[in-house]
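Here is how the chains run, residue by residue.
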Amino acid sequence: MALRGVLLDRDNTIIADPGYIDDPDLVTLLPGAADSIRRLREEGFTVAVVTNQSGVARGKFTEEQLADVHERMEELLHEQGVQLDGIYYCPYLDGSEAKVKKYRKASNLRKPEPGMLLVAAEELDLSLSESWMVGDSSRDVIAGERAGCRTILLGDRNGECDPDYVADSLEKAVDLVVAHKDDPPKGHEEDADQPKPVDMGKMMAEQAVREQDVVDLLTDIRDSLRRHERKQRHEDFSVLRLAGTLTQMLALIVGGWGMMAFSDTATALTRFVLAGFLQLVALTAFVCSEKRT
Ligand SMILES: [Mg+2]
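Residues numbered from 1 in each chain as written. Predicted model: local features only at pLDDT ≥ 70, side-chain atom pairs only at ≥ 80, totals over all residues.

Engineer: Whenever I open this one, the overall build of the protein chain confuses me. Can you help?
Structural biologist: The helix and strand tally for the protein chain stands at eight helices and six strands. When the helices and strands of the protein chain are placed in sequence order, the string is β-α-β-α-α-β-α-β-α-β-β-α-α-α. Here the C-alpha atoms of the protein chain give a radius of gyration of 50 Å, more than 25% beyond the 19 Å that 2.2 N^0.38 yields for 293 residues. Once the C-alpha set of the protein chain is aligned to its principal axes, its extents read approximately 160 × 40 × 30 Å. The buried share of the protein chain, taken over its 293 residues, is 28%. Sequence-distant contacts, at least 24 apart, represent 62% of the contacts inside the protein chain between residues at least 6 apart. (Helix = DSSP H or I, 4+ residues; strand = E, 2+ residues; numbered from the N terminus. Rg over C-alpha atoms; globule rule 2.2 N^0.38 Å. Buried ≥ 20, exposed ≤ 12 C-beta atoms within 10 Å, placed from the backbone. Contact = placed C-beta atoms within 7 Å.)

Engineer: Explanation requested: the sheet that holds strand β3 (residues 86-90) in the structure shown.
Structural biologist: Across a sheet, strands are paired by hydrogen bonds formed along the backbone, either parallel or antiparallel in direction. The six strands lie next to each other as β3-β2-β1-β4-β5-β6, forming an open sheet whose pairing is parallel. With partners counted over all chains shown, the strands left at the sheet margins are β3 and β6 (165-167), one partner each. Sheet twist, expressed as the mean angle between neighbouring strand axes with direction ignored, is 20°. Both strand β4 (residues 132-135) and strand β5 (residues 150-154) contribute to a ladder of four bridges, which runs parallel. Its bridge partner being in β5, Trp132 is matched across the sheet by Arg150. Sheet strands in contact with helix α4 (residues 115-124) are β1 (5-8), β2 (46-52), β3 and β4, and its direction is about 150° off that of β3. Here helix α5 (residues 138-147) sits on the sheet and contacts β4 and β5; the angle it forms with β4, its principal contact strand, is near 170°. (Pairing = 2+ DSSP bridges. Axes fitted to C-alpha atoms, helices over the stretch in contact; angles between N-to-C directions.)

Engineer: It is not clear to me how the nonpolar core should be interpreted in this structure. Could you clarify?
Structural biologist: A general tendency of soluble globular proteins is for nonpolar side chains to be buried together. Counting 47 residues, the largest nonpolar core has Val6, Leu7, Leu117, Ala120, Trp132, Met133 and Val134 as its most contacted members. Grouped together as the second largest cluster of nonpolar side chains are six residues, Leu240, Ala275, Leu278 and Ala285 included. (Core = buried A, V, L, I, M, F, W, Y, C linked by C-beta atoms within 7 Å.)

Engineer: What is the right way to look at unusual backbone geometry in this model?
Structural biologist: Only a minority of non-glycine residues have a phi that is not negative, and only a minority of peptide bonds are not trans. At the junction of Lys111 and Pro112, the peptide bond is cis and its omega measures out at 20° in the coordinates. Following the sequence through the fold, Pro112 ends up in the loop between β3 and α4. Phi is positive for Asn12, close to 70°, though the residue is something other than glycine. By the element assignment, Asn12 lies in the loop between β1 and α1 (33-42). Positioned with a positive phi, Tyr20 is a non-glycine residue whose angle comes to about 45°.

Engineer: What is the right way to look at the environment of Gly255 in this model?
Structural biologist: By secondary structure assignment, the location of Gly255 is in helix α7 (residues 200-260). The spatial distance from the C-alpha of Gly255 to the C-alpha of Leu269 is 9.8 Å, given a sequence separation of 14 residues. Beyond its immediate sequence surroundings of up to four residues, Gly255 is in contact with Phe272 and Ala275.

Engineer: Looking at this model, I keep getting lost on helix α3 (residues 63-79). Mind explaining?
Structural biologist: With 17 residues, α3 extends 24 Å from end C-alpha to end C-alpha; this agrees with the ideal 24 Å at 1.5 Å per step. Restricting attention to buried positions, one finds in α3 the residues Leu66, Val69, His70 and Met73. Buried residues along α3 cover an arc of 95° about the axis, so they all sit on one side. Those residues of α3 that are exposed and aimed more than 90 degrees away from the buried face are Glu64, Glu75, His78 and Glu79. On its buried side, α3 packs onto α2 (55-58) and β3. (Expected span 1.5 Å × (residues − 1). Arc of directions from axis to C-beta.)

Engineer: I keep staring at the domain arrangement of the protein chain and nothing clicks. Help me out?
Structural biologist: It is common to give the size of an interface as the accessible area lost on bringing the parts into contact. If you check the domain split of the protein chain, you get domain 1 (5-192) and domain 2 (200-292). Each of domain 1 and domain 2 has a C-alpha centre, and these two points are 98 Å apart. (Domains from an automatic or database assignment.)

Engineer: Please clarify how the pairing of β5 should be interpreted in this entry.
Structural biologist: Walk down a regular strand and you will see the side chains alternate between the two sheet faces. The buried count for β5 comes to five of five residues, which makes it a mostly enclosed element. The alternating pattern of β5 places Arg150, Ile152 and Leu154 and Thr151 and Leu153 on opposite faces, both of which are buried. Read as a crossover between parallel neighbours, the route from β4 over α5 to β5 is right-handed. Sheet analysis places β5 next to β6, joined by three bridges and oriented parallel. (Right-handed = clockwise from strand over helix to strand, strands pointing away.)

See below:
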């Protein structure tokens, strides 16, 4: 997993800038510089310096002298118990001001180009979108932006660049870095404000649960209707049977009554017809009750 880093400019950010420092004795740490770097490291950041040193191309000092200057800077930091994870510099410069032909060229390493930051990220395993570039010039900010870092300009906004933040000292810049430590990576800030992508699997599962709820409800209603229908049938069945039984009893009585009038053929026949009719009604009632069950 890539690390979070803070890439620092050198001159006027960590050390004072009297102009083209060629002598280790000219190196002086700015107030709060060592404490700032210490705090960043304690917060888990990798800390490296990325610095344009066109003084090499201009013939002001050699790379060997530059190495001595950097050794002195690290020595002063060590005295305060602080260590850097790396120092990257660009000795190149394009144009006629570059007196040393070997270093006269347009280089992607020279800020505001992002090359030096990209090399640092590669060597130190940094996630640039979770890293910061801090410096006192527009070149620092632009290089940081081009590399995909968050940027802090030390000083005032100047219209030449568009830093994420400005701070009037390295210590204040570190306050900002620490305060925004858990922000989304650069370029993904909108993710925190946007609704989360629709989880189709979850949505379908919820839909299935809702559908199952409806099925369960309909099943309950159907069962309830069936129970009600069975109960109704049972009641109908009882009424029909009772009516059939009573009618049949009445038919038997009327039949007996007809036999008592046997001597009067017409009356007996009338009573037998009535008994037969009642028997027919009783049978109809029984048949109906049988069909409904
Ligand atoms: Mg500077």
